[in-house]
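Topology and contacts: notes
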Amino acid sequence: MTKPLHLNNIAQFVCDALQVPGCIVLVSNEDNTIGFTGGGITNARANEMLSVGIHINLTQHDANVLAGRAGKEAQEAYERLITAENDKGNGEVMQ
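Here's a quick rundown of the structure. (Residues numbered from 1 in each chain as written. Predicted model: local features only at pLDDT ≥ 70, side-chain atom pairs only at ≥ 80, totals over all residues. Heavy atoms only, no water.)

Turning next to the pairing of strand E2 (residues 34–39). Alternating positions in E2 separate cleanly, Gly35, Thr37 and Gly39 being buried on one face and Ile34, Phe36 and Gly38 remaining unburied on the opposite face. In this structure, strand E1 (residues 23–28) lies alongside E2, joined through six bridges in antiparallel fashion. Note that in E2 the partner of Val27 across the bridge is Gly35. If you look at the hairpin formed by E1 and E2, you'll find five residues sitting between the two strands, and Asn32 has a positive phi there, around 75°. (Buried < 20%, exposed > 50% of the residue type's maximum accessible area, 1.4 Å probe, protein only. Helix = DSSP H or I, 4+ residues; strand = E, 2+ residues; numbered from the N terminus. Pairing = 2+ DSSP bridges.)

Listed below in structure tokens is the structure:
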């Protein structure tokens, strides 16, 4: 019989399924809290992995904004920044 998955065993399950030595699992709970667990990694390695993940996420988001593929709020914020920069009158148009 398969054990039910929960935050205390999901990381090992994912590591085993992907055949990797370590992983991090983040969950978004119904009450808007975030759950986190890791398996097969030290705290230092978890911090490194999370930092790289944040960098990748922000890089992808920037590319989506520049290509006009980001969400409405992000695109509107980008347009406000570009307009404000162009309104400074420095003669350069931001792209």
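One way to put it is that helix H2 (residues 43–66) packs onto helix H3 (residues 72–87) with a least axis distance of 10 Å and a crossing angle of 70°. Here H2 is positioned roughly perpendicular relative to H3, judged by the angle of their axes. Across the interface between the two elements, His61, Asn64, Val65 and Leu66 from H2 touch Ala74, Gln75 and Tyr78 from H3. Partitioned by chemical class, the residues of the contact of H2 with H3 number four nonpolar, three polar and no charged. (Axes fitted to C-alpha atoms, helices over the stretch in contact; angles between N-to-C directions. Parallel < 35°, antiparallel > 145°, perpendicular 65-115°, else oblique. Contact = heavy atoms within 4.5 Å. Nonpolar A, V, L, I, M, F, W, Y, C, P; charged D, E, K, R; others polar.)

Within the secondary structure layout, Ile24 lies in strand E1. The spacing of Ile24 and Leu81 is 57 residues in sequence and 35 Å in space, taken between C-alpha atoms. Residues within four places of Ile24 in sequence aside, it is in contact with Phe36, Thr37, Gly38, Ile41, Ala46, Met49 and Leu50.

Along the polypeptide, Gln75 turns up in helix H3. Engagement of the side chain of Gln75 in a polar contact is seen with the backbone oxygen of Val65, the distance being 3.3 Å. Polar side-chain contacts of Gln75 include one of 3.0 Å to the backbone nitrogen of Ala70. Residue contacts for Gln75: discarding those within four places in its chain leaves Asn64, Val65, Gly68, Arg69 and Ala70. (Polar contact = N/O pair within 3.5 Å; in protein donor to acceptor, adjacent residues only side chain to side chain.)

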